[in-house]
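# Remarks on the overall topology
Residue strings, one per chain:
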Amino acid sequence: MIRVEHLRKQFGPVTAVDDVSFEAPDGAVTGLLGPNGAGKTTTLRMLYALMRPDAGRILVDDVDAVADPIGAQARLGVLPDVSGLYPRLTAREHIQYFGELQGVSGATLKMRTDELLERLDMRGIADRRTAGFSHGERTKVAIARALVHDPRNILLDEPTNGLDVMSTRAVREIIRRLRAEGRAVVFSSHVMQEVSALCDRIIVIARGRIVASGTPDALREQTGHQNLEDAFVALAGLEREVVE
Amino acid sequence: MSRLSQMLVVTRKELRDAFRDRRAIYSVLFGSLFGPILVGVMFNAIADRQREVEDITVPVVGIEHAPALVDWLRQQSGVTVVEGPADAESAVRDRTQDVVVVIPDDFAKRFRASRPVELQVVSDGSRTASRPKVQRVRALLQRYNGEVAALRLVGRGVSPAVISPLQIQDREVSSAQQRAAVILNFIPLFIVLASFTGGMQIATDSTAGERERGSLEPLLVNPAPRMVIAGGKWLAAALSATLSVAITTTLCLTLLRFIPLQDLGIRFRLGPEQVAWLLVAVLPLCLLSTAIQTYLSTFARSFKEAQSYMGYLIMVPMLPGMLSSVYPITSQPWMYPIPILGQHLLASDVLGGKSPSPIMFVLAALAALATAIVLVRLTTGLLQREKIVFGR
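Note that the coordinates shown come from a computational prediction; the quantities given were computed from them, not determined experimentally.

## Structural notes on the overall build of chain B
What chain B contains, in helices and strands, is 17 helices and four strands. Within chain B, buried positions represent 38% of all 392 residues. Here the analysis covers contacts within chain B between residues at least 6 apart in sequence; of these, 77% occur between residues at least 24 apart.

## Considerations on the overall build of chain A
Each helix and strand in chain A was counted, giving 10 helices and 10 strands. Radius of gyration (C-alpha) of chain A: 18 Å, near the 18 Å computed for a compact globule of 244 residues. Within chain A, the fraction of its 244 residues that count as buried is 48%. Sequence-distant contacts in chain A: of pairs separated by 6 or more residues, those separated by 24 or more amount to 67%.

## Points about unusual backbone geometry
Residues and elements named next belong to chain A. At Asp121, a residue that is not glycine, the phi angle is positive and equals roughly 60°. Locating Asp121 in the fold gives a position in the loop between helix H4 (106-119) and helix H5 (135-147). Judged by C-beta crowding, with 11 C-beta atoms within 10 Å, Asp121 ranks as exposed. Notably, Asp150 is not glycine yet its phi reads approximately 55°, a positive angle. The partly exposed category is assigned to Asp150, around which 15 C-beta atoms lie within 10 Å.

## Re the packing of helix H8 (residues 186-205) of chain B against helix H15 (residues 341-351) of chain B
Residue and element names in this part refer to chain B. Put simply, H8 and H15 touch, their axes get as near as 9 Å, and they point 135° apart. On the basis of their axis angle, the class for H8 and H15 is oblique. As for the relative orientation of H8 and H15, their crossing is right-handed in sense. Counting all contacts with H8, which are made through Ile187, Pro188, Ile191 and Val192, the residues of H15 involved are Gln343, His344, Ala347, Ser348 and Leu351. When grouped by side-chain class, the residues that make up the contact of H8 with H15 number six nonpolar, three polar and no charged.

## Quick word on H15(B)
Note: α-helices contain 3.6 residues per turn, so residues at a spacing of three or four share the same orientation. Residue and element names in this part refer to chain B. Extensive coverage of H15 is indicated by the burial of 11 of its 11 residues. Listing the buried residues of H15 in full gives Leu341, Gly342, Gln343, His344, Leu345, Leu346, Ala347, Ser348, Asp349, Val350 and Leu351. Gly353 occupies a position one or two residues after H15 and carries a positive phi of about 80°.

## Structural notes on the sheet that holds strand S6 (residues 76-79) of chain A
All names here are of chain A. Pairing is mixed in the open sheet, where six strands are placed in the order S6-S7-S8-S3-S9-S10. In this open sheet, the two edge strands, each paired with only one partner strand, are S6 and strand S10 (209-214). Sheet twist, expressed as the mean angle between neighbouring strand axes with direction ignored, is 15°. Two elements, strand S3 (residues 28-33) and strand S9 (residues 201-206), share four bridges in a ladder whose sense is parallel. Bridge pairing in S9 links Leu33 to Val204. Packing of helix H1 (residues 40-47) onto the sheet brings it into contact with S3, strand S7 (153-157), strand S8 (184-189) and S9, and relative to S7 it is tilted by some 150°.

## Brief notes about the sheet that holds strand S1 (residues 2-11) of chain A
Hydrogen bonds along the backbone pair up the strands of a sheet, which may run parallel or antiparallel. All names here are of chain A. Read from one edge of the open sheet, four strands run S2-S1-S4-S5, paired in antiparallel fashion. Taken across any chain shown, the strands that pair with only one partner, and hence form the sheet edges, are strand S2 (14-24) and strand S5 (63-64). Bridging between S1 and strand S4 (residues 55-60) involves five bridges; their strand directions are antiparallel. The residue bridging Val4 from the neighbouring strand is Ile58, located in S4.

## Here's the deal with the nonpolar core
In terms of nonpolar packing, the biggest core is built from 139 residues, with A:Tyr48, A:Leu155, A:Val204, B:Val282, B:Ala291 and B:Leu346 touching the most fellow members. In terms of nonpolar packing, the next biggest core, distinct from the first, is built from 14 residues, B:Val60, B:Val99, B:Val100 and B:Val137 among them.

## Notes on the confidence of the model for chain A
Averaged over chain A, the pLDDT score is 90; the fraction of residues at 70 or greater is 96%. Ranking the elements of chain A by mean pLDDT puts helix H10 (residues 238-243) of chain A last with 52 and helix H3 (residues 91-101) of chain A first with 97.

## Details of the interface of chain A and chain B
Listed by partner, the interface residues are 22 residues for chain A and 20 residues for chain B. Of all the elements in the fold, those that place two or more residues in the side of chain A that touches chain B are helix H2 (69-74) and H3 of chain A. Considering each element in turn, the side of chain A that touches chain B owes the most residues, four residues, to H3(A). Considering only residue class, the side of chain A that touches chain B consists of 15 nonpolar, five polar and two charged.

## Examining the pairing of S1(A)
Residues and elements named next belong to chain A. Alignment of S1 against S2, held across seven bridges, turns out to be antiparallel. The partner of Arg3 across the bridge, within S2, is Glu23. In this antiparallel pair of consecutive strands, S1 and S2, the connection spans two residues, and Gly12 shows a positive phi of 55°.

## Digging into the confidence of the model for chain B
Of all residues in chain B, 90% have pLDDT values of 70 or greater, and the mean over the chain is 85. Complex prediction metrics read pTM 0.80 and ipTM 0.93.

## A closer look at the packing of H3(A) against H4(A)
Residues and elements named next belong to chain A. Between H3 and H4, the least distance of the axes is 10 Å, while the angle of their chain directions is 135°. Classified by the angle their axes make, H3 and H4 are oblique. Pair H3 / H4 crosses with right-handed handedness. In this structure, H3 contributes Arg92, Ile95, Gln96, Gly99 and Glu100 to the contact, and H4 contributes Leu109, Arg112, Thr113, Leu116 and Leu117. Along the lines of polarity and charge, the residues of the contact of H3 with H4 split into four nonpolar, three polar and three charged.

## Details of the environment of A:Gly224
Residue and element names in this part refer to chain A. Looking at the element boundaries, Gly224 is found in the loop between helix H8 (216-223) and helix H9 (228-235). Accessibility expressed as a C-beta count within 10 Å gives 9 for Gly224, which makes it exposed. Once the C-alpha coordinates of Gly224 and Ala65 are considered, the two residues, 159 residues apart in sequence, prove to be 38 Å apart.

Analysis parameters
- Residues numbered from 1 in each chain as written.
- Chains lettered and ligands numbered in written order.
- Predicted model: local features only at pLDDT ≥ 70, side-chain atom pairs only at ≥ 80, totals over all residues.
- Helix = DSSP H or I, 4+ residues; strand = E, 2+ residues; numbered from the N terminus.
- Buried ≥ 20, exposed ≤ 12 C-beta atoms within 10 Å, placed from the backbone.
- Contact = placed C-beta atoms within 7 Å.
- Rg over C-alpha atoms; globule rule 2.2 N^0.38 Å.
- Axes fitted to C-alpha atoms, helices over the stretch in contact; angles between N-to-C directions.
- Parallel < 35°, antiparallel > 145°, perpendicular 65-115°, else oblique.
- Left-handed = near helix turned anticlockwise from the far one by under 90°.
- Nonpolar A, V, L, I, M, F, W, Y, C, P; charged D, E, K, R; others polar.
- Pairing = 2+ DSSP bridges.
- Core = buried A, V, L, I, M, F, W, Y, C linked by C-beta atoms within 7 Å.
- pLDDT = per-residue confidence, 0-100.

Take a look at the structure:
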C-alpha cells in the first residue's frame, strides 16, 4: 500500500507537483491520468525516492520514503519513465543483475528469473543480447527486472507508451495479474482508454494538482459526460486551454 | 545484504558488460601494447647504431699512398678498410657514405721527411646518426698519430712522456644502471599511461554511457546506496586498469631481456624483486586514475563528451615526464606523496637500480588511495543530484 500526503515539488519558479494526496491500496490498480507535463512522472519519481519532495509525506507499506529511501525502494518494483537497457547483456542477465542488487540470490534468483521469463513470454529471447530488441521486448525486460524481488508495490510510468497492440495487451495482462496477486499497482498514462480499461481508481492530474479522483463511473457522473474521454478533457481543464 | 557484496555485484556486471565490448578490449590492448612495442623498436634502433660503430667500414681514398697507415687500421679490431669513392665530398653529401678518409698523394714523401701530412676526414656534421662513426675514425687516426709521434721521439732519444704533460681520464660517477634509467625513463611513463588507458572505457561507459542510455534511473531505483554504485563502477575500472598495467609491465620487462642492452654500454639487471617493487609503486595509481575518470565522466551527458574529457586528462600523467626532460628533476622526499608524480619517481628509481625507502612506497600509495576515496565520494555526491540522475 502506498500513501501520499500533501506532496509538493518546485523546479525554480514552476510548481511541478502541488499538494498531491492519494492512496493506492493493495489489490487495486490506481491510475494517474493527466496530459503530458502534468506532473505524473515527477510524482512517481518522488514515490520511488529518486527525487526529494519539497514538502509532504510518502509511505510505502509504512516506510517513510523520504526518511528511508532505500527501505522504500526494497518494497517497490519500478518501471521508470526512461528505462534504458544494457545492449551487451542478455534479457536474463538484466533480470539477474537487478535481482542481485535487491538481495535475491542463488536458487531463489534462478527460480524467480525463470518464472518471470515464462510469465512474460520471454523464453525465446531470454539469452539474447538486448541490442536488437523491439520496443515491446525492451519493455518486457524492464518490467521483468522491476519485479524480480517480488515487490508488494508496483509503480509503472507510462508502461504502454509506444507499444503496439499485442505488446499493450500483454502489459495490461501483467498489470491485471499483479492486482490479482494482491499488490498495489500505480501506473501513469495520458491515454484515457488505457486507464479506463484497467483502473479501479483514477486520479486526474493537471498542472501539478489533483483535479478529480474516483472510480471511472464516479468520474463520469461527476462531469456529466458519458464518454470518459470527454470527462478527462473537462476535468483536466483542457477545453479552457483550447479556448484561451 | 552487505554493502560490499552489493558493490561487487555492480563491479562484476560492469566488467562483464565491458569485456563484451570490442572497443573496451581494444582500448585495454592498445594502451598496454603501445608502450612495450615502442620501447622495443627504439632500443633496437639505438643498439643497431651502437653496433655499427663497433664494426665500422672505413672508405679510404688513396690507400696506395700510405700502406703502413692502412695496415695499422686493418689491424684494429672491428675495422675494415675499403677503397673510397672517387669524389669523397659528394659521396658524403648524398649520403652514400657516412665518412671518407682522404690520403694525399704526397703522404709518403712528407711522412718520410717527418713533416705534417694533411689527412682529410670528410663528414656531414648535420647528421647526428653518423656522428659516433666519425668520432671513432677520428679517434683511430689520433691514436696512430700518437703512436708514430712516440716512436719518432724515442728514435731521437726523447721520452714520449715529455710531450704529454696532461693525461686526461674520464671517470663516470653515475652507475651504469642510472645511465640506463635515463634511457629507460619512458618505461615508467608508459606504465603510468597504461593505468589511465586501461580503465578509461569502463569509467566512461558505466557513468556517462549509463546516462546516455537512460539506464541510470532504473539502476538507482534499486535499494543500494549511491556510494555502493559509484564504488562498484570505480572498482571495475580500477581492475581493468590494473590488468592493463600488469600487461604493460610484463611486456616491457620481457622485451628488455631480449634487447641487447650491453651493446648500449648498459648493465641492466631486473630480477623478480625489482618487478615486484615496480608493481607496488604503480598499482595504487590505478585506483586514483580511474577515480578521476569516473568522477569526470559522471559529469558528462554522453559517452562522447566523457571521452573528450579523457583526452585532456591523459596529459596529466605525461607532465612529470615532460617536465623532467626540461628541468632534470632530482627527486626530493616531498615529491613522493604527490599522486602521479610520486608513482613516476618510484618507478624511475626502481628501474634505475636505486631502492627508495619502503616508507616512500607507503606514502605514495596512501596519497593516491586517499585522493581516490575523496573522488569516489564526490562521484557519490554527483549521483545524488537530481540534475545528474534525470538530466540527459
